[in-house]
Amino acid sequence: MPSASTLFRTSVNKIQSEPTQADGKTYEQLRQECLQRKMLFEDPDFPTTDSSLFFSESVPVNFEWKRPGEICKDPKFIVGGADRTDICQGQLGDCWLLAAIASLTLDKEILSRVVPPDQSFDRGYAGIFHFQFWQHNRWLDVVVDDRLPCVRNKLMFLHSADCNEFWSALLEKAYAKLNGSYESLKGGSTLEALEDFTGGVGEVYETKKAPSDLFTILKKALDRGSMMGCSIDITSSAESEAQTSTGLVKGHAYSVTGLEEVNYRGGKVRLIRIRNPWGQVEWNGPWSDSSREWSVIDKSDKIRLLENATDDGEFWMEFEDFKANYDRVELCNLTPDSLMDDTKKKWNVNVLDGSWVRGSTAGGCRNFIDTFWTNPQFKLKLEDAHTDNQCNVIIALMQKNRRKLRKEGLDMETIGFAIYQCPNNEDHADKDFFRFNGSKARSRTYINTREVSERFILPPGNYLVVPTTFQPHKEADFLVRIFSETKAGALEMGNTIEADLPEPPVPTQPEEETAEEKGLRKLFEQVAGSDQAISAHELKDLLNGVLSRRKEIKFDGVSLNTCHSIINLMDADGSGMIEFQEFKIFWEKMKKWMMLFLAFDTDRSGRMSSYELRSALKATGIQLNNQLLQLIALRFADDNYEIDFDDYLTCIVRLENMFRVFKALDTKGTGEVNLNFQQFLMLAMNV
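What you see is a predicted model; the values in this text were computed from it and never measured. (Residues numbered from 1 in each chain as written. Predicted model: local features only at pLDDT ≥ 70, side-chain atom pairs only at ≥ 80, totals over all residues. Heavy atoms only, no water.)

A. Up close: the pattern of salt bridges. One pass over the full model with this rule turns up 38 salt bridges. Its salt-bridge partner being R147, residue E42 comes within 3.8 Å of it at the nearest N-O pair. Taken together, the residues E42 in the loop between α1 (27–37) and α2 (50–53) and R147 in the loop between β4 (138–145) and β5 (148–151) connect sequence positions 105 residues apart. Since its relative accessible area comes to 12%, R147 is described here as buried. When salt bridges with common partners are traced through the structure, they connect E195, D196, R450, E451 and R481 into a single cluster. (Salt bridge = Lys/Arg side-chain N within 4 Å of Asp/Glu carboxyl O. Helix = DSSP H or I, 4+ residues; strand = E, 2+ residues; numbered from the N terminus. Buried < 20%, exposed > 50% of the residue type's maximum accessible area, 1.4 Å probe, protein only.)

Set out below in structure tokens:
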């Protein structure tokens, strides 16, 4: 279901962060316990072991974990205010994170949320600190102890230029804990960290393909508190962090910290200020710190723009040079106000969760039409268009927890999405819909980043948003966020759970039986014997004898468990056996189910694709939502995402049995029943 956004600026004081410690204790509870016991905190959830540092390689040097008081004489949490010069990169490839932290320092309100300021090494010090991050529409409070990885008494990772300042190093440790280890922070997008600091929504502009008013867009975004990063693409791994002759570094994350327009030689020149998180290595072209261009502009502008200009990694450059040298700029819109006009708007926000599960909802992109339609589908209703009859909407698809899952050998999946005109009165669009209808819009590319987001201009109406991985059978949890300037609603399609199960027909009198029914009776009597009823064992022999002659069906025989389920479904008098009239009703069902199985066995392999199960069940009168289909596929599908006839039969019989039992118990038709524990066990064992 859609939920309210937790963007930072939407009622800051009302957003409560959730504790993340395994024991459920809050930062304050842990701090007080340590003070009472007169002991410094040691975090059991992120211990000082090699696994907290690296997961894919041995630790390259002999690290020592030291508290700030062991590193210097007078440690401070923050010295003279947290600013972008407090962020110097160490021996970890997380420049993307450092660029985001540098941007974070430009907004003191947001900084105080991520880095709670009432922390110090003085009064109340207990070796414990905490930081707050946004994750998948929740704010989390992450606690760490202050033991930091060092070599020869020096911090090896993020550190401040002031040797006794530790807020940035502790922030990096908290973020490493959130993501599983320090190594998990290697490589990434500045936008990823910016969103985790704000709950905002990201946008990416390619500078070579950017709109003509890119400078205005960026200036407006910065004025409204948006955070930005930029980078230069690499063509091979050898170029990663290679320095150019102009002092710029390829494959390296920078932060954008300012945009200005100044008078220069009778005209206007547009400037952009950029920071290198290394704390050094700067642009040496026009408008660099000591370039001659500064001697031509107004003295007050020069003083204002070059304030604190030292070799601190921060520099100015002309905007046209920026576009020529940099390839990408990333924006994180905090409240995402429109950057296209001068009117500040309150956005309508919808947040939806989903999962791609192999065998049921991991259908891959449109290239794989046979499975594409099985992906989760979300209906978007856009209303109240502007005067030009258009709606401005941002759609952001985020895959969850992938950085943390690196320890298990799982990295970012390649993701994207497509938008279609929503079909009328459809619970879940089928294969034919996508076969004959093209998309109205889509993400520009499939890419292996945590989030893909796009801004669209669409007329009002109903749309279908289909998020996918590029390849089918790739599993991941995801979050879809939809931001619209006008009224909008969103919900997941395919949520219907219902069954159209007609009552069995009135028994046919023996003298009125057709030739087929007489033949069926003869077969039944041969198997049933003198008691004129069939047990589960006898049913197993009968079905295997009949079905073994059907060469188009491949299976290892109907199991006894399947036959017990059939008896439970058809046994009206509770005898544990079925009589002829019950058997005849079952046989009619069986013929229908077999025809459907063969119809959905499109490659004539004798097995049915688990992705087709939704359609096969719907044809029998049963509709399930994505969560149930995912569970069934995990239960019945094999490693090739196929279901043989026995498992298919077991699935349908058990589902129909459960629907009929529930309907019998739900006497008031409310969709709810009350069971005690014994009743629950009896039903579970019976089905």
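B. Representation of the sheet that holds strand β19 (residues 461–469). An order of β17-β16-β19-β14-β21 is seen for the five strands of this open sheet, with the pairing classed as antiparallel. Bordering the open sheet on either side are β17 (441–442) and β21 (488–492), each of which pairs with just one other strand. One ladder, built from five bridges, connects strand β14 (residues 378–382) with β19; its direction is antiparallel. Of the residues in β19, the one forming a bridge with K381 is N462. (Pairing = 2+ DSSP bridges.)

C. Structural view of the UniProt feature "domain: EF-hand" (unreviewed entry) in the protein. As annotated by UniProt and renumbered to match this structure, "domain: EF-hand" (unreviewed entry) occupies residues 588–623. Spanning residues 588–623, this segment combines 58% helix with 11% strand, and its end C-alpha atoms are found 21 Å apart. (UniProt positions renumbered as here; feature names shortened; annotations may be inferred.)

D. Geometry of the pairing of strand β18 (residues 451–458). Counting buried residues in β18 gives seven out of eight residues, a clear majority hidden from the surface. Across eight bridges, the pairing between strand β15 (residues 391–399) and β18 is antiparallel. Counted as the bridge partner of I395 is E454 from β18.

E. Main features of the side chain of E314. Structurally, E314 is set in strand β11 (residues 314–318). One polar contact links E314 to T257, side chain to side chain, over a distance of 2.8 Å. With near-sequence residues (within four places) excluded, E314 lies in contact with R84, T257, R273, I274, R275, E282 and D289. (Polar contact = N/O pair within 3.5 Å; in protein donor to acceptor, adjacent residues only side chain to side chain. Contact = heavy atoms within 4.5 Å.)

F. Region of the structure containing unusual backbone geometry. Residue R152 is not a glycine yet carries a positive backbone phi of 50°. Tracing the sequence through the fold places R152 in the loop between β5 and β6 (154–155). Using a relative accessible area of 72% as the deciding quantity, one classes R152 as exposed. Look at H473: it is not a glycine, yet its phi comes out positive at around 70°. Relative to the helices and strands, H473 resides in the loop between β19 and β20 (476–484).

G. Inspection of the packing of helix α18 (residues 626–636) against helix α19 (residues 645–665) at higher detail. Between α18 and α19, whose axes approach to 11 Å, the crossing angle comes to 140°. By the angle class used here, α18 and α19 are oblique. Two packed elements cross with a definite hand, and for α18 against α19 that hand is right-handed. Within the contact between the two elements, α18 uses I632, R635 and F636 and α19 uses D647, T650, C651, R654 and L655. Classifying every residue of the contact of α18 with α19 by side-chain character gives four nonpolar, one polar and three charged. (Axes fitted to C-alpha atoms, helices over the stretch in contact; angles between N-to-C directions. Parallel < 35°, antiparallel > 145°, perpendicular 65-115°, else oblique. Left-handed = near helix turned anticlockwise from the far one by under 90°. Nonpolar A, V, L, I, M, F, W, Y, C, P; charged D, E, K, R; others polar.)

H. Quick peek at the sheet that holds β18. Across the sheet, four strands lie side by side as β13-β20-β15-β18; this open sheet has antiparallel pairing. The open sheet has two free edges, formed respectively by β13 (348–356) and β18, since each of these has just one partner strand. For this sheet the average axis-to-axis angle between neighbouring strands, irrespective of direction, equals 15°. As defined by bridge partners, β15 adjoins β20 across seven bridges and the pair is classed as antiparallel. Bridged to L397 within β20 is V480.

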